[in-house]
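Below, each chain spelled out in residue letters.
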Amino acid sequence: MKQMLKLGFVLALFASVACVMLALVNNLTAPAIAAAKEAEVNAGLAVVFEQAENFVKAADFVPDTATTIKVETLYLAKQGEEVVGAVVQATGPTYDKATILLGIDLSRTITGVRFLSISDTPGFGQRATEPAFYMQFTGKTADDAFVTGKDVDTISGATITSKGVAQIVKYAAYVAGAYLADNYGGAAGSGEAPVIAGPATVFTYEDACLSLFPPEQYPDATFTEINTDLYRIVRNMLVEKQYIVTVGGKTVGAMAAVRGQTYHDGGVVLTAVDMNRNIIGARIIELNDSPNIGQLTLEESFYSQFAGKPVDGTLSVAGDIDAISGATITSACIADIVKVGAMEAAWVATSRGGAGAPAGSDSYPLNEIYLEE
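A quick note: this is a predicted structure, and the numbers were derived from the prediction, not measured.

### Some points on the overall build of the protein chain
Here is step 1 of the chain: Across its full length, the protein chain holds six helices and eleven strands.
Here is step 2 of the chain: The buried share of the protein chain, reckoned over its 373 residues, is 45%.
Here is step 3 of the chain: Residue pairs in contact within the protein chain that sit at least 24 positions apart in sequence constitute 56% of those at least 6 positions apart.

Given below as structure tokens:
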């Protein structure tokens, strides 16, 4: 007992000493790190706005944090005492995230763009830091479209990064241009503020039901959960809920919520079918996956692909479903969950008078890409 107490005391002493040392190291290095970051920014200011003689941080600039892109700091670019433009520091989502400096003059023309940081994939996303990519923004105006594949060249193999950077540049240029127009006689913009899409989110069951069976098409629809104690394993997936959907006492469809594997910790998808074994749609209820990558399956452009497909057809990412670039595994997994959900919902619909399953439909194929990981 005494030996255990002694060991505990020694470990506590070591932990206390370590904490004190870490605090001392942090106090000693924090000013140096801050100074290094400031020096990096100051060097970048002159690079993105070469015509300026000096830069002054705009004390009245309020950081723009209303969207997923944060325009954090604005510096006035000066020639003598005359303001000739501005440089902004902005951070936003790419494949992961990036922070840039962007210079813009009073005519709303971009004078330069440089990265302060980017945490995207080495070998692909990191190619955004090459002059061949970021130099293309110089000379564009804040009113350009910044559409990848049209007026912005895309990095091969890094579409998400390319789109993310273009969106950061577009929004940062708009904010800086608007500030110069409001305060220093800069040219006014030709349109509304660019719409910066926020991250898509999962559906609640209530919202998913109303989205799959909209009131204008299914007036007074009733959603009744059946088999409320249902937790059944099908193809290594868990069928958690089943619903019948009725309008005026007539069954018009059925739904099944299925939990399955994704790239990370899995998710739940609610799939709806009509009485003729067609998929009405699928809505993601839960998804634990990579931000900015796997989470892109939450976008309507992805999950809307399932609507109208036959329950008994295939949902292969090799031809039936377009996978999210950089998130093939998650895309395939969601498609498999939808397939199982559609089959389970169709079984419920059949038991309520819906079309029966064709022979051999029970042995349907899945993508099963996650099994290869």
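### Some words on the pattern of salt bridges
Here is step 1 of the chain: By the definition in use, this model includes six salt bridges.
Here is step 2 of the chain: Between Glu 344 and Arg 232 there is a salt bridge whose closest N-O contact spans 2.1 Å. Taken as a pair, Glu 344 in helix H6 (residues 328-351) and Arg 232 in strand E7 (residues 232-234) lie far apart in primary sequence, 112 residues in all.
Here is step 3 of the chain: Between Asp 312 and Arg 277 there is a salt bridge, and its shortest N-O distance comes to 2.8 Å.

### A look at helix H4 (residues 205-212)
Here is step 1 of the chain: Looking only at H4, the buried set comprises Ala 208, Cys 209 and Leu 212. The arc enclosing the buried residues of H4, seen along the axis, measures out at 100°, which places them on a common side.
Here is step 2 of the chain: The elements touched by buried residues of H4 are strand E6 (222-226), strand E9 (250-260), strand E10 (267-274) and strand E11 (279-287).

### Observations regarding the sheet that holds strand E5 (residues 110-118)
Here is step 1 of the chain: The strand order E1-E2-E3-E4-E5 describes an open sheet built from five strands, whose pairing is antiparallel. Of all the strands in the sheet, the pair left with one neighbour each is strand E1 (54-57) and E5. Between one strand and the next, the sheet's axes are offset by a mean angle of 25°, whatever the strand orientation.
Here is step 2 of the chain: Bridge count for strand E4 (residues 97-105) against E5 is seven bridges, and the pairing is antiparallel. Following the sheet pairing, Ile 104 is matched in E5 by Ile 110.

### A look at the environment of Leu 102
Here is step 1 of the chain: One can find Leu 102 in strand E4.
Here is step 2 of the chain: According to the relative accessible area criterion, Leu 102 is buried, its value standing at 0%.
Here is step 3 of the chain: For Leu 102 and Val 48, which are 54 residues apart along the polypeptide, the C-alpha to C-alpha distance reads 6.3 Å.
Here is step 4 of the chain: Filtering out sequence-adjacent residues up to four positions away, Leu 102 remains in contact with Val 48, Ala 86, Val 87, Val 88, Ile 110, Gly 112, Val 113, Val 169, Ala 172 and Ala 173.

### Details of the nonpolar core
Here is step 1 of the chain: Ranked by internal contacts, the top residues of the largest apolar core, which has 55 residues, are Phe 213, Met 255, Leu 270, Phe 306, Ile 334 and Val 338.
Here is step 2 of the chain: Those elements that provide at least two residues to this core are H4, strand E8 (237-247), E9, E10, E11, helix H5 (300-303) and H6.
Here is step 3 of the chain: Considering each element in turn, this core owes the most residues, eleven residues, to H6.
Here is step 4 of the chain: Residues contacting Leu 270, with those up to four places away along its chain left out, are Tyr 205, Ala 208, Cys 209, Leu 212, Tyr 243, Met 255, Ala 256, Ala 257, Gly 281, Ala 282, Arg 283 and Ile 285.
Here is step 5 of the chain: Counting residues in each nonpolar core, the second largest holds 39 residues, with Phe 61, Val 71, Val 88 and Ala 98 among its members.

### Topic: the packing of aromatic side chains
Here is step 1 of the chain: For the structure shown, the criterion picks out eleven aromatic pairs.
Here is step 2 of the chain: Pairing Phe 115 with Tyr 134 gives two aromatic rings, centres 6.5 Å apart and planes at 70°, and the pair type is edge-to-face. Of this pair, Phe 115 sits in strand E5 while Tyr 134 sits in helix H2 (residues 131-134); the two residues are 19 residues apart in sequence, bridging distant segments of the chain. Grouping residues by exposure puts Phe 115 and Tyr 134 together as buried.
Here is step 3 of the chain: A connected cluster of aromatic rings, assembled from ring pairs, spans Phe 61, Tyr 179 and Tyr 184.
Here is step 4 of the chain: Over the face of the ring belonging to Tyr 364 we find Arg 235, whose NZ or CZ atom lies 4.7 Å from the ring centre.
Here is step 5 of the chain: The side chain of Lys 241 reaches across the aromatic face of Tyr 205, ending 5.2 Å from its centre.

What counts as what
- Residues numbered from 1 in each chain as written.
- Predicted model: local features only at pLDDT ≥ 70, side-chain atom pairs only at ≥ 80, totals over all residues.
- Heavy atoms only, no water.
- Helix = DSSP H or I, 4+ residues; strand = E, 2+ residues; numbered from the N terminus.
- Buried < 20%, exposed > 50% of the residue type's maximum accessible area, 1.4 Å probe, protein only.
- Contact = heavy atoms within 4.5 Å.
- Salt bridge = Lys/Arg side-chain N within 4 Å of Asp/Glu carboxyl O.
- Arc of directions from axis to C-beta.
- Pairing = 2+ DSSP bridges.
- Axes fitted to C-alpha atoms, helices over the stretch in contact; angles between N-to-C directions.
- Core = buried A, V, L, I, M, F, W, Y, C linked by side-chain atoms within 4.5 Å.
- Phe/Tyr/Trp six-rings, centres within 6.5 Å; stacked < 30°, edge-to-face > 60°.
- Lys NZ or Arg CZ within 6 Å of the ring centre and 35° of its normal.

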